[in-house]
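# Survey of secondary and tertiary structure
The residues making up each chain are set out below.
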Amino acid sequence: MWHQQTLTLGAKARGFHLVTDEVIAQLTRLSDLQIGLLHLLLQHTSASLTLNENCDPTVRSDMEQHFLRHVPESAPYQHDYEGADDMPAHIKSSLLGVSLLIPVHRGRLQLGTWQGIWLGEHRVRGGARRIVATLQGE
């Protein structure tokens, strides 16, 4: 089986957001897959996808504080057409990545006990985000 669809995540504030449930709720054919893979591609250059802590929200806020310190808006970037947060958002997106590959077994994502899908929203006003989700397997 191959299935592809575009998911939409609602607009979120700058920071890291646990979106596992939001992604799973939109995967219309996930339960059809006995064994396979889910590939997620975020179609944006100023946000990211990553797997990390799914329980303690302080991990997400600590991660945001880390990136604000290490990729500051106040650096002398040449690319600043869309505001001070634009180039730092591109850097964070490249560092963290925009795709994930997750095993599926009996219609469920095979994430670790403490793993969840995070959206890293790196813009102050990023808006809704699109993800192309591709399921493959049997």
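The notes below deal with the structure included here. What you see is a predicted model, and the numbers here were worked out from it, not measured in a lab.

With antiparallel pairing, five strands are arranged side by side in an open sheet as S1-S8-S3-S5-S6. Strand pairing shows two members of the sheet lacking a second neighbour, strand S1 (2–9) and strand S6 (108–109), which therefore form its edges. Direction of pairing for strand S3 (residues 35–42) relative to strand S5 (residues 99–105): antiparallel, over a ladder of seven bridges. Residue His 39 lies in a different strand from S5, and its bridge partner there is Leu 101.

Before going further, it helps to spend a moment on the environment of Val 104. If you trace the backbone, Val 104 turns up in strand S5. A C-alpha to C-alpha distance of 7.2 Å links Val 104 and Gln 34, two positions 70 residues apart in sequence.

Strand order in this open sheet of three strands is S2-S7-S4, and the pairing throughout is antiparallel. Each edge of the open sheet carries a strand with a single partner, namely strand S2 (15–18) and strand S4 (47–53). The mean inter-strand angle of the sheet, taken between neighbouring strand axes irrespective of direction, is 35°. The sheet contacts of helix H2 (residues 57–70) involve S2, S4 and strand S7 (115–121), and relative to S2 the element is tilted by about 155°. Packed onto the sheet, helix H3 (residues 86–96) meets S2 and S4 and runs at close to 45° relative to S4.

Let us now look at the side chain of Arg 129. On the secondary structure map, Arg 129 appears in strand S8 (residues 129–137). Within polar-contact distance, the side chain of Arg 129 engages the side chain of Glu 121 at 2.8 Å.

Quick look at the pairing of S7 now. Judged by how many residues are buried, S7 sits mostly within the fold: six of seven residues are covered. Sheet topology places S2 next to S7; four bridges connect them, and they run antiparallel. Across the sheet, residue Phe 16 finds its bridge partner in S7, namely Gly 120. Sheet analysis places S4 next to S7, joined by seven bridges and oriented antiparallel. Within the sheet, the bridge partner assigned to Leu 51 lies in S7 and is Ile 117.

With that settled, consider the nonpolar core. Within the largest apolar cluster, 21 residues are counted, with the highest numbers of intra-cluster contacts made by Val 23, Leu 38, Leu 40, Leu 49, Ile 117 and Ile 131. Listed in part, the five residues of the second largest apolar core include Phe 16, Met 63, Val 71 and Trp 118.

Further remarks concern the pattern of salt bridges. Side-chain pairs of opposite charge can arise whenever the charged atoms involved come near each other. Going through the model one piece at a time under the given rule, you end up with eight salt bridges. Between Glu 73 and Arg 14 there is a salt bridge; the shortest N-O distance is 2.2 Å. Here Glu 73, found in the loop between H2 and H3, pairs with Arg 14, found in the loop between S1 and S2; they are 59 residues apart in sequence, far enough to count as distant. With a closest N to O distance of 3.4 Å, Glu 82 and Arg 123 form a salt bridge.

Cut-offs and rules
Residues numbered from 1 in each chain as written. Predicted model: local features only at pLDDT ≥ 70, side-chain atom pairs only at ≥ 80, totals over all residues. Heavy atoms only, no water. Pairing = 2+ DSSP bridges. Helix = DSSP H or I, 4+ residues; strand = E, 2+ residues; numbered from the N terminus. Axes fitted to C-alpha atoms, helices over the stretch in contact; angles between N-to-C directions. Contact = heavy atoms within 4.5 Å. Polar contact = N/O pair within 3.5 Å; in protein donor to acceptor, adjacent residues only side chain to side chain. Buried < 20%, exposed > 50% of the residue type's maximum accessible area, 1.4 Å probe, protein only. Core = buried A, V, L, I, M, F, W, Y, C linked by side-chain atoms within 4.5 Å. Salt bridge = Lys/Arg side-chain N within 4 Å of Asp/Glu carboxyl O.

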